[in-house]
Amino acid sequence: MRRPTLILAFLILTAVGLIVVRAAVSNAISPNGTVLAKISEEREFYKKENKALREDLFAKTSLNSISSEAARFGFVERKNSFVLTKPLPIALKR
Amino acid sequence: MTWRYKFAFITFVLAFLVVAFRLFYWQVVRASYLSEIGRNQYGQEIKVFPERGEILTSDLFPIATNKVSYLLFANPKEVTNKEDVALRVAKILDTEYASVSVSLSLDKFWVPIKPGLNEEKKEAIENLKIPGLGFEENYERFYPEASLAASLLGFVGKDDEGKDKGYFGLEGYYNRLLSGKEGSAIQIHDALGKPVIARLKEEGGALEGSDLILSIDRSIQFLVEKKLSDAVEKYGAQGGMVGVIDPKTGKIIALSSFPTFDPKKYYEYSQDLYKNAFISDLYEPGSTFKPLVMSAALNERKVTPATRCPYCGGPISVGGYDLHTWNDKYYPNTTMTEVIQHSDNTGMIFVAQTLGLEKMLTYLDRFGIGRLTGIDLQGEVSPDIKPENSWYAADLATAGFGQGISVTPVELLTVFSAIANKGIMMKPQVVSQVRDNEGRTVNIEPEIMGKPISEASAKVMTEMLVNAVNKGEASYARLKDYRIAGKTGTASIPIQGKYDPTKTIASFVGFAPADDPKFVMLVIFNKPSAAIYGAETAAPVFFSIARDILSYYKITPTQ
């Protein structure tokens, strides 16, 4: 008479315990998803912003861009060049 | 009473066993089936598209990279007031109202409206808050240097499945490396659509494309392209090409052909422009071929620089044909050095006949004529060399001065780089390193193709070419403070079995400094109209570019 009662009580307590644990775990992880999603969104935002800035940087440092800017600043194409083949002193000790 | 307890107990035990059995069945035996259903209900499979690898010049500047763009799509079944929506969207997109309207009137759940939108346009459309419109994010190719090295790069189009695929040039040749591998991931949402965790797992994870680091020097490529396009216009040529190679490693420093195309809008250009003429066009090289034949004869000790031609006092009759010099000037008893200096066709007939057909074919093979160089670009062709029993006496004679035989520009450049590099011929290559998505690099090592001539023969040939530059018909344009080896070429073009005297391929090939060459360069103009000779068109451009390259490399004058 005692043993079946004990077994029954054990089964009921196990079932109740599992229900409580499940509820507790679900409750614990549910807000993490929102936080993680927010972090993920921020990460994607900065990734995109980095890409856009990188694109801008490459466009501005391209030789095509530098060449046209140089012309605007008055740089001209070299027509002649000369080379100093003999070393000339810059400063002499007297 | 006992039997009631027993009965109840047995009933509970049986019920428990049934539940346990069913639990085992659904959670172990049918586990994967349940997971699938769960995933379909709460999970969403996301395709992870890899970013295509970049193509960078030797200074690690990307000439082909990626930028984020958006495809605007619509669910026509959710869009109300289609006319008004089409009007507002078309205005922002700066596109035809009719095309948007037609897309929205389709009886589908998903229709593309316009690809390639930037962040600004995306935000403008999002601010309209129109239900039924959405965006797909993807990458599109971006070229910071615009059409620089376009024929070298190729372009990125679509394959039959609508996926990105490279065509021509480097994008085509290295498509698999650049493409990377697609992956997928599962995202779990709760009943309100919020993610439970950010991403469950990546199944068969995506692999970003590898980057290519080229041997191309961006500054030299830029100046070569500028000078080439100016010269094509100045000389009224149909087109032009320049190739610059480091003879010691085979690395291509610059490669340009004109006319060219914009790889971003490749579809607006004729398909003829997609191929890289430097590796895909066959042409008769004319006098620029003479150093190959001469160095073969020198290597075989059939001639020396002082050998005299016994029958070069006038036109030579071979196989029923009278073969003349290019300017109908003849130098009786001319030496081999003078033959190169004067670009004397009759002298080269003597050299070819002295060399003999068998040796001529041997050296054509040794120099790689008739075989692919193996350069890492898509679209390379090579000419067919006739078998020995198909050659006539006239064929041997004309091959001596570069007519009646076809080469690609890259083949000729490789031949000259062998002469510049002590007789050692290096395989031309454009990519010097491959970098994977984790930053690890693999070097593409230089490869020796062969040693067609000895170092001594190469040295002798170099001196003959220096003499040709100093005293030949292009001497007026030479750089007086450097020792440069080179040869002009003016090849007639065969049209319907005859050579047109007014249409030529004008070229100049050379290397500098002659004693320790840093580069070999080939300049070609196709049918220049202002002047037809290589000495008047290609040679000045060669020396102009050479001066800039020598200055760029800080190579001081040698004389």
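Residues numbered from 1 in each chain as written. Chains lettered and ligands numbered in written order. Predicted model: local features only at pLDDT ≥ 70, side-chain atom pairs only at ≥ 80, totals over all residues. Heavy atoms only, no water.

**Q** Would you mind going over the overall build of chain B in detail, with residue names and values included?
**A** Counting its regular elements, chain B contains 18 helices and 21 strands. A globule of 559 residues ought to have a C-alpha radius of gyration of about 24 Å, yet chain B, at 33 Å, is considerably larger. With the C-alpha coordinates of chain B rotated into their principal frame, the extents come out at 135 × 65 × 50 Å. Per-residue burial for chain B yields a buried fraction of 50% across its 559 residues. Taking the intrachain contacts of chain B between residues at least 6 apart in sequence as the baseline, contacts between residues at least 24 apart amount to 71%. Accessible surface for chain B amounts to roughly 26,300 Å². Of this, 53% is attributable to carbon and sulfur atoms. When the 61 positive and 66 negative side-chain charges of chain B are each reduced to one mean point, those points stand 3 Å apart. (Helix = DSSP H or I, 4+ residues; strand = E, 2+ residues; numbered from the N terminus. Rg over C-alpha atoms; globule rule 2.2 N^0.38 Å. Buried < 20%, exposed > 50% of the residue type's maximum accessible area, 1.4 Å probe, protein only. Contact = heavy atoms within 4.5 Å. Areas by Shrake-Rupley, 256 points an atom, 1.4 Å probe, with all protein chains shown as cover. Lys, Arg positive; Asp, Glu negative; His and termini not counted. Charge placed at Lys NZ, Arg CZ, Asp CG, Glu CD.)

**Q** Can you break down the overall build of chain A residue by residue, with the values?
**A** Counting its secondary structure elements, chain A contains two helices and zero strands. Per-residue burial over chain A gives 6% buried out of 94 residues. Here chain A displays about 8,700 Å² of accessible surface, and carbon together with sulfur accounts for 66% of that area.

**Q** Account for the nonpolar core, with residues named and values stated.
**A** All names here are of chain B. In terms of nonpolar packing, the biggest core is built from 94 residues, with Leu170 and Met294 touching the most fellow members. Ranked by the residues each element gives to this core, the list is headed by helix H16 (residues 409–420), at eight residues. In this structure, Met294 is in contact with Val303, Met336, Val339, Ile340, Met348, Val351, Met461 and Met464, ignoring residues within four places of it in sequence. Counting 35 residues, the second-largest nonpolar core is a separate cluster that includes Leu228, Ala237, Ala512 and Phe525. (Core = buried A, V, L, I, M, F, W, Y, C linked by side-chain atoms within 4.5 Å.)

**Q** So what about the domain arrangement of chain B? Which residues, and what values?
**A** The domain architecture assigned to chain B consists of domain 1 (67–139) and domain 2 (218–552). Relative placement of domain 1 of chain B and domain 2 of chain B: their C-alpha centres are 54 Å apart. (Domains from an automatic or database assignment.)

**Q** Give a detailed account of the layout of surface pockets, specifying residues and quantitative values.
**A** A volume near 1,300 Å³ is recorded for the second largest pocket. Lining of the second largest pocket is provided by 33 residues; of these, Glu77 and Arg78 of chain A together with Leu223, Lys227 and Asp548 of chain B occupy positions nearest its centre. Across the lining of the second largest pocket, the residue classes tally to 16 nonpolar, six polar and eleven charged. (1 Å grid on protein atoms, 1.4 Å probe; cavity = no way out; pocket = protein on both sides within 12 Å on 5 of 7 lines; lining within 4 Å. Points joined across faces, edges and corners; volume = space filled by probe spheres on them. Nonpolar A, V, L, I, M, F, W, Y, C, P; charged D, E, K, R; others polar.)

**Q** I'd like to hear about the state of the cysteines, residue by residue, with values.
**A** Residue and element names in this part refer to chain B. One pass over the structure, following the stated rule, counts one disulfide over all chains. The disulfide that involves Cys309 links it to Cys312, with 1.9 Å between the sulfurs. Judged by the sign of its S-S torsion, about 80°, the cystine formed by Cys309 and Cys312 is right-handed. Take Cys309: its relative accessible area is 0%, and that puts it in the buried class. (Disulfide = S-S within 2.5 Å.)

**Q** Tell me about the interface of chain B and chain A, and name the residues and values.
**A** Across the contact, 32 residues belong to chain B and 25 residues belong to chain A. Across the chain B/chain A interface, buried area totals approximately 2,400 Å², and carbon plus sulfur atoms make up 63% of it. Taken together, chain B and chain A are joined by three salt bridges. A salt bridge links Lys48 of chain A to Glu137 of chain B, with the shortest nitrogen-to-oxygen separation between them at 3.2 Å. (Buried area = accessible area lost by both parts, 1.4 Å probe. Salt bridge = Lys/Arg side-chain N within 4 Å of Asp/Glu carboxyl O.)

**Q** I'd like a rundown of helix H4 (residues 97–104) of chain B, residues and numbers included.
**A** Residue and element names in this part refer to chain B. Inspection of H4 places Val100, Ser103 and Leu104 among the buried residues, and these make up the whole buried set. Relative to the axis of H4, the buried residues are bounded by an arc of 95° and lie together on one face. Packing partners of the buried residues in H4 comprise strand E3 (62–74), helix H3 (82–93) and strand E4 (111–117). (Arc of directions from axis to C-beta.)

**Q** Outline unusual backbone geometry, listing residues and values.
**A** Residues and elements named next belong to chain B. Each neighbour pair has its own omega, and for Phe258 with Pro259 the value is 5°, a cis peptide bond. In this structure, Pro259 sits in the loop between strand E12 (252–258) and helix H10 (277–280). For the bond running from Ala512 to Pro513, omega is -20°, close enough to zero to count as cis. The phi angle at Ala146 is positive, at roughly 55°, despite the residue not being glycine. Positionally, Ala146 belongs in the loop between strand E5 (133–142) and helix H6 (150–153). Exposure remark for Ala146: the relative accessible area of 39% places this residue in the partly exposed category.

**Q** Outline the pattern of salt bridges, supporting the account with residue identities and numerical values.
**A** Scanning all chains against the criterion turns up 30 salt bridges over all chains. For the salt bridge of Glu51 of chain B with Lys51 of chain A, the shortest nitrogen-to-oxygen distance reads 3.1 Å. A residue pair is termed interchain when its members come from two chains, as with Glu51 of chain B in the loop between strand E1 (43–48) and strand E2 (55–56) and Lys51 of chain A in helix H1 (residues 2–61). Under the relative-accessibility criterion, Glu51 of chain B is labelled buried at 16%. The closest approach of N and O atoms between Lys77 of chain B and Asp107 of chain B, which form a salt bridge, is 2.3 Å. Taken together, the residues Lys77 of chain B in the loop between E3 and H3 and Asp107 of chain B in the loop between H4 and E4 connect sequence positions 30 residues apart. A single salt-bridge network, built from bridges that share partners, covers Arg52, Arg141 and Glu171 of chain B.

**Q** Outline the pairing of strand E16 (residues 431–435) of chain B, supporting the account with residue identities and numerical values.
**A** Residue and element names in this part refer to chain B. Two strands pair when backbone bridges link them, and strand E10 (residues 211–214) and E16 are joined in this way by four bridges, in the antiparallel orientation. Bridge pairing in E16 links Asp211 to Arg435. Relative to strand E17 (residues 441–443), E16 is paired through three bridges, and the arrangement is antiparallel. What sits directly across from Arg435, in E17, is Thr441. Once E16 ends, the chain turns through five residues before running back antiparallel as E17, passing Gly439 with a positive phi of about 85°. (Pairing = 2+ DSSP bridges.)

**Q** Describe the sheet that holds strand E19 (residues 485–495) of chain B, naming the residues involved and giving the relevant values.
**A** All names here are of chain B. Pairing is antiparallel across the open sheet formed by five strands, whose spatial order is E12-E11-E21-E20-E19. Only two strands of the sheet have a single neighbouring strand rather than two, namely E12 and E19. Ignoring strand direction, the axes of neighbouring strands in this sheet form an average angle of 10°. The sheet strands contacting H16 are strand E11 (239–245), E19, strand E20 (498–512) and strand E21 (519–526), and the helix crosses E21 at an angle near 150°. (Axes fitted to C-alpha atoms, helices over the stretch in contact; angles between N-to-C directions.)

**Q** Break down the side chain of Asn175 of chain B for me, citing the residues and quoting the values.
**A** All names here are of chain B. Mapping Asn175 onto the fold places it in helix H8 (residues 175–179). According to the relative accessible area criterion, Asn175 is buried, its value standing at 14%. Contacts of Asn175, omitting those with residues within four sequence positions, involve Arg52, Lys165, Gly166 and Leu170.

**Q** Give me a nonpolar patch on the surface: which residues, what numbers.
**A** On the surface, Ile7, Phe10 and Leu11 of chain A together with Phe9, Ile10, Val13, Leu14, Phe16 and Leu17 of chain B cluster together to form a nonpolar patch covering roughly 810 Å² of accessible area. Of all the elements in the fold, those that place two or more residues in the nonpolar patch are H1 of chain A together with helix H1 (2–29) of chain B. Of the residues forming the nonpolar patch, the biggest block, six residues, is contributed by H1 of chain B. Position of Leu17 of chain B relative to the elements: it lies in helix H1. (Patch = residues over 30% accessible without salt bridge, like charges linked within 9 Å, V, L, I, M, F, W, Y side chains within 5 Å.)

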